[in-house]
Amino acid sequence: MNVEFKLYASLMAYLPSGATDHAVNVTLSEGATIFDLMERYQVPREQAHLVVCNGLFVPPSQRETYRLQDGDVIALWPPVAGG
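A brief report on the enclosed structure follows. (Residues numbered from 1 in each chain as written. Predicted model: local features only at pLDDT ≥ 70, side-chain atom pairs only at ≥ 80, totals over all residues. Heavy atoms only, no water.)

Comments concerning the side chain of T33
Residue position: T33 is located in the loop between β2 (23-27) and α1 (34-40). A residue is classified by how much of its surface remains accessible, and T33, at 3% relative accessible area, is buried. Apart from the residues lying within four places of it in its own chain, the contact partners of T33 are R63, E64, T65, Y66, R67 and L68. (Helix = DSSP H or I, 4+ residues; strand = E, 2+ residues; numbered from the N terminus. Buried < 20%, exposed > 50% of the residue type's maximum accessible area, 1.4 Å probe, protein only. Contact = heavy atoms within 4.5 Å.)

What follows is the structure, given as structure tokens:
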């Protein structure tokens, strides 16, 4: 199956060279989870503060078991501080 993996802000450092528009297309095995995808690109779990799949928030408690589907778009943002 194929998914689009998008990383923003400081997480962009984990994208491979040649990635465009903060994203890379990835081929995964059926049954792969969000954490499987993150591990493939060595994105630390604690750095993925906001995880969205197809525009819907995925809470931390579901990221290890959330099964990806062909065509999904997964986007991650790190913790952000402001003031």
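Regarding the sheet that holds β2
The strand order across the open sheet built from five strands is β2-β1-β5-β3-β4, with neighbouring strands paired in mixed fashion. Unpaired on one side and paired on the other, β2 and β4 (56-57) mark the two borders of the sheet. In this sheet, strand β5 (residues 73-77) lies alongside strand β1 (residues 2-7) in parallel orientation, the contact comprising four bridges. For K6, the partnering residue across the bridge sits in β5 and is A75. (Pairing = 2+ DSSP bridges.)

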